[in-house]
Amino acid sequence: MRILHINKYLWLSGGVERYLFDVADACVAKGHEILYFSQADPRNRPTDQDDYFVPSLDYATAGLAQAKTIFERTLYSREVKDKLAALIRDQKPDIAHVHQLYHHLSPSVLDALTEANIPIVQTVHDYKLICPNYRLYSPLEQSTCTRCVQGSYRHCLKHRCIKGSYFPSALAKFEMRHHKRKQYYERAVDRFICTTQFVKDHLDESPMPSEKIVHIPLYINLDAYTPTEIYEPYLCYVGRLAPEKGVLTLIRAMQSNPDTPLKIIGDGPIREECENLIAELGLSNVEMLGFLERDAMTSILSRSSGLVIPSEWYEPCGLTAWEAHALKRPVIGANIGGIPESITDEESGMLFESGNVVDLSSKIQSLMSQPVLGKAMGEAGSAHVHAVCGSHTEGLMNIYAEVMNSSST
């Protein structure tokens, strides 16, 4: 089978690309051929399809000269459609697996595929199909939000959900209304794959076609994680430093656990705020390590006593929880979004009330005072992740076969 993966990035930008590469490699191991379509970038994974890629668009540095390209990539890009159509014509994929298109590739990708009668599945990595800022989170209110799930996007502009500014929020609102009016995703995609039941439930509550929405738990390449028998008495946080990630709550919780070191791995817009809070509270047990490459991160996590996921938004899935479990580490996670689906409370980790400093402090103290229990939790998490990851590719192949058979009849 020739499987075409489509994503706005083809370099390891985050969890989306990690999943994409892991799944693609698993399919190659089973004898399938993988094709790619994305933006051109020197950081990209090497591929024979480079000549078909569209020029990279960096919103952080884009100026007025690229306004037309930005508008097209957000709404509908003829350039992208033509490039992909050429790839389809020359490479003849059997099926397309779509990941993230918005703002960089546009739904014109879907038209190119449907016009060539290529079946389409899409992994739902976030909430963009039902939320203009993709997070179900109001940045100004710093709280979870589901106002737009039913299809009314005026709230995005009213609450300035994009960068706290009216113009980008207006553009996002217009983008969502335009795409919904055209029914690009609803019409073209044969199956939407949700990696947690929580995400599926929210898509089911929206105007999205529920008959096309399925749930398959997440997948990671377990060979990339080597557990150790070293359990050093420190905890880890791994992720972006942003308000909704709950890092500030975690830092405050460490004030009640002065004998437990915490290593914070990651970077983001509130890094300075985190550093200031650490200094304000006089915490010598909290260390900011910044962004680390995967190998360096897993090396530190693999020797820890556990991972903390303190999110205060509807985290779609607990990718870092799976990574910790693959390393046989227990996880303390916020009881919110898709996180509880990655952690069995008191079995593979501990759940706490999201945003509750006292509850989080208590769970940290409980885990660190029971090292034997922590090790047992890590073992249980490892067993669960191995069982689920072992069936993911099979489930994916069944969906591929189902949509391919449907499109041929």
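Look a little higher up for the structure.
Residues numbered from 1 in each chain as written. Predicted model: local features only at pLDDT ≥ 70, side-chain atom pairs only at ≥ 80, totals over all residues. Heavy atoms only, no water.

Side note on helix 1 (residues 15-29)
Now for step 1: With 15 residues, helix 1 extends 21 Å from end C-alpha to end C-alpha; this agrees with the ideal 21 Å at 1.5 Å per step.
Now for step 2: For helix 1, the tally of buried residues reaches eleven of 15 residues, placing the bulk of the element in the interior.
Now for step 3: When helix 1 is considered as a whole, its buried residues turn out to be Val16, Glu17, Arg18, Tyr19, Leu20, Phe21, Asp22, Val23, Ala24, Ala26 and Cys27.
Now for step 4: Following helix 1 by one or two positions, glycine 31 has its phi on the positive side, about 95°. (Helix = DSSP H or I, 4+ residues; strand = E, 2+ residues; numbered from the N terminus. Expected span 1.5 Å × (residues − 1). Buried < 20%, exposed > 50% of the residue type's maximum accessible area, 1.4 Å probe, protein only.)

A look at the packing of aromatic side chains
Now for step 1: Counted by the stated rule, this structure contains five aromatic pairs.
Now for step 2: Seen in terms of ring centroids, phenylalanine 198 and tyrosine 314 are 5.2 Å apart; in terms of plane orientation they differ by 45°. Their pairing is tilted. Residue phenylalanine 198 is found in helix 8 (residues 197-204), and its partner tyrosine 314 is found in the loop between strand 12 (306-309) and helix 12 (319-326); the two are separated by 116 residues along the sequence.
Now for step 3: Judged by its relative accessible area of 16%, phenylalanine 198 falls in the buried class.
Now for step 4: The cationic tip of lysine 263 hangs over the ring face of tyrosine 234; the distance from NZ or CZ to the ring centre is 4.9 Å.
Now for step 5: Of note, arginine 329 hangs over the ring of tyrosine 231, and the distance from its end group to the ring centre comes to 3.9 Å. (Phe/Tyr/Trp six-rings, centres within 6.5 Å; stacked < 30°, edge-to-face > 60°. Lys NZ or Arg CZ within 6 Å of the ring centre and 35° of its normal.)

Some words on the pattern of salt bridges
Two side chains of opposite charge can pair, provided their charged atoms sit close to one another.
Now for step 1: Counted under the stated rule, the structure contains 24 salt bridges.
Now for step 2: In this structure, glutamate 175 and lysine 128 form a salt bridge, with 3.0 Å as the shortest nitrogen-oxygen distance. Of this pair, glutamate 175 sits in helix 6 (residues 166-182) while lysine 128 is found in the loop between strand 4 (120-124) and strand 5 (137-138), placing the two residues 47 residues apart along the sequence.
Now for step 3: Judged by relative accessible area, which is 1%, glutamate 175 ranks as buried.
Now for step 4: Lysine 128 gets classed as buried once you look at its relative accessible area, which sits at 4%. (Salt bridge = Lys/Arg side-chain N within 4 Å of Asp/Glu carboxyl O.)

What about unusual backbone geometry?
Now for step 1: Phi is positive for histidine 103, close to 75°, though the residue is something other than glycine.
Now for step 2: Locating histidine 103 in the fold gives a position in the loop between strand 3 (95-98) and helix 4 (108-115).
Now for step 3: Residue classification places histidine 103 among the partly exposed positions, given a relative accessible area of 24%.
Now for step 4: Backbone geometry at asparagine 117 places phi at a positive 60°, although glycine is not the residue there.
Now for step 5: Here asparagine 117 lies in the loop between helix 4 and strand 4.

Some thoughts on the sheet that holds strand 3
Now for step 1: Read across the open sheet, the six strands follow the order 2-1-3-4-7-8; overall the sheet is parallel. Bordering the open sheet on either side are strand 2 (33-37) and strand 8 (213-215), each of which pairs with just one other strand. Neighbour-to-neighbour, the strand axes of this sheet turn through a mean angle of 25°, independent of strand direction.
Now for step 2: The pairing of strand 3 with strand 4 spans three bridges and is parallel. By the bridge assignment, histidine 97 is partnered in strand 4 with valine 121.
Now for step 3: In this fold helix 8 packs onto strand 4, strand 7 (191-194) and strand 8, with an angle of close to 165° to the strand it touches most, strand 8. (Pairing = 2+ DSSP bridges. Axes fitted to C-alpha atoms, helices over the stretch in contact; angles between N-to-C directions. Contact = heavy atoms within 4.5 Å.)

Points about the packing of helix 3 (residues 78-91) against helix 4
Now for step 1: The interhelical angle for the contact between helix 3 and helix 4, taken along N-to-C directions, is 35°, at an axis separation of 8 Å. Our pair here, helix 3 against helix 4, has a crossing hand that is right-handed. Between helix 3 and helix 4, the contacting residues are Val80, Lys81, Leu84, Ala85 and Ile88 on the first element and Ser108, Val109, Asp111, Ala112, Leu113 and Glu115 on the second. (Left-handed = near helix turned anticlockwise from the far one by under 90°.)

Examining the pairing of strand 1 (residues 2-6)
If a strand is regular, its side chains alternate between the two faces of the sheet.
Now for step 1: Across the five residues that make up strand 1, a large majority, four, are buried.
Now for step 2: In this sheet, strand 2 lies alongside strand 1 in parallel orientation, the contact comprising five bridges. Directly across from leucine 4, in strand 2, lies its bridge partner leucine 35.
Now for step 3: Regarding topology, helix 1 serves as the crossover connection from strand 1 to the parallel strand 2, and that connection is right-handed.
Now for step 4: Taken together, the four bridges between strand 1 and strand 3 define a ladder with parallel strand orientation. Residue pairing for strand 3: isoleucine 3 is matched across the bridge by isoleucine 95. (Right-handed = clockwise from strand over helix to strand, strands pointing away.)

Focus on the sheet that holds strand 13 (residues 331-334)
Two orientations exist for strands paired in a sheet by backbone hydrogen bonds: parallel and antiparallel.
Now for step 1: What the six strands build is an open sheet, ordered 11-10-9-12-13-14; its pairing is parallel. This sheet does not close on itself; its edge strands, each paired only once, are strand 11 (286-290) and strand 14 (349-352). With direction set aside, neighbouring strand axes in the sheet form an average angle of 20°.
Now for step 2: Where strand 10 (residues 262-265) and strand 11 come together, four bridges link them in parallel fashion. Across the sheet, isoleucine 264 pairs through a bridge with methionine 288, a residue of strand 11.

Here we look at the packing of helix 1 against helix 14 (residues 371-408)
Now for step 1: Orientation of helix 1 relative to helix 14, taken along the N-to-C sense of each, is 80°, at an axis distance of 11 Å. The orientation of helix 1 relative to helix 14 falls into the category roughly perpendicular. In this structure, helix 1 contributes Tyr19, Val23, Ala26 and Cys27 to the contact, and helix 14 contributes His392, Thr393, Leu396 and Met397.
Now for step 2: Residues belonging to the contact of helix 1 with helix 14 are distributed by class as follows: six nonpolar, two polar and no charged. (Parallel < 35°, antiparallel > 145°, perpendicular 65-115°, else oblique. Nonpolar A, V, L, I, M, F, W, Y, C, P; charged D, E, K, R; others polar.)

Considering the side chain of threonine 298
Now for step 1: In this structure, threonine 298 sits in helix 11 (residues 294-301).
Now for step 2: Overall, threonine 298 belongs to the buried group, its relative accessible area being 10%.

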